[in-house]
Amino acid sequence: MKTLRQLDILRIIAKKDIHTQDELINELVAAGHKTTQATVSRDIKELRLIKLPDDTGLSKYSAPSDKKESRSKYIHIINASLVDFATSENIILLKTISGFGSAVGEAIDCLKFKHIIGSVAGDNTLLLVIDSSKNTASTLAEIKKVVYEENGNI
C-alpha cells in the first residue's frame, strides 16, 4: 500500500500546511494508514518533498515543482495497476489489481483529463464519468495513449 500512502501524502500536503513528520504521521493515521516515522521518512525522500516557508515563516512540506516528474509518477501508478477496461455510454470502467482502485482514481484525477467530470473508486475498480457519451471513446483513447507513450505497456 506504499503507492496509496504516498498519494495520500501528496494529497495531504497539497491541502494542508504540514510542518513536521509527526503532523504528517497523524494525518496519515487519520486517513487510515498504519505507519511509522521511519516509513514516512523514506516516503518523504522517495517523493523528493522539500520544505518551503509558509505564510507564517515556518517550513512546510511541499511537492517538487517538477510537473513532468509528478506526471510520470501518476502514469506509473496507472500503468502498474491497470488490468482491463470497458465503456458504456458516458462511463469508463477501469479494472485494477486488488487494492489499487483508489490510487488509480487519484492518479487519473491529478492528470486532469479534459472530459472526466468525476470518479468513484472501489477496491479493484474505478468508474469514470465522462461529460458526454460522445467523448467516452476519445477519453479512453487519451488515457491509453498517455500511459502507452510514457511506459510502453498497455
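Here, every reference points to the structure presented above.
The following paragraphs examine the structure supplied in this document. Everything quoted here is computed from the prediction, not taken from an experiment.

### Comments concerning the packing of helix α1 (residues 2-15) against helix α2 (residues 21-30)
Then step 1. The interhelical angle for the contact between α1 and α2, taken along N-to-C directions, is 115°, at an axis separation of 10 Å. Relative to α2, the element α1 is oriented roughly perpendicular. Considering how the two elements wind past one another, α1 and α2 form a crossing that is right-handed. Counted together, R5, D8, I9, I12 and I13 of α1 and L24, E27 and L28 of α2 form the full contact between these two elements.
Then step 2. Each residue belonging to the contact of α1 with α2 can be placed in one class, and the counts come to 5 nonpolar, no polar and 3 charged.

### Some thoughts on the layout of surface pockets
Then step 1. Estimates place the volume of the second largest pocket at around 180 Å³.
Then step 2. Surrounding the second largest pocket, K2, T3, Q6, L7, L10, E46, L47, K73, Y74, H76 and I77 form its lining.
Then step 3. When contributions to the lining of the second largest pocket are tallied by element, the ones reaching two or more residues are α1, α3 (37-47) and α4 (67-81).
Then step 4. The element that contributes the greatest number of residues to the lining of the second largest pocket is α1, accounting for 5 residues.

### A word on the pairing of strand β3 (residues 82-88)
Then step 1. Pairing analysis gives 6 bridges linking β3 to strand β4 (residues 91-96), with the strands arranged antiparallel. Looking across to β4, one finds that T87 is bridged to I92.
Then step 2. Hairpin connection from β3 to β4: 2 residues lie between these consecutive antiparallel strands, with E89 at a positive phi of about 55°.

So, how was this worked out
- Residues numbered from 1 in each chain as written.
- Predicted model: local features only at pLDDT ≥ 70, side-chain atom pairs only at ≥ 80, totals over all residues.
- Heavy atoms only, no water.
- Axes fitted to C-alpha atoms, helices over the stretch in contact; angles between N-to-C directions.
- Helix = DSSP H or I, 4+ residues; strand = E, 2+ residues; numbered from the N terminus.
- Parallel < 35°, antiparallel > 145°, perpendicular 65-115°, else oblique.
- Left-handed = near helix turned anticlockwise from the far one by under 90°.
- Contact = heavy atoms within 4.5 Å.
- Nonpolar A, V, L, I, M, F, W, Y, C, P; charged D, E, K, R; others polar.
- 1 Å grid on protein atoms, 1.4 Å probe; cavity = no way out; pocket = protein on both sides within 12 Å on 5 of 7 lines; lining within 4 Å.
- Points joined across faces, edges and corners; volume = space filled by probe spheres on them.
- Pairing = 2+ DSSP bridges.

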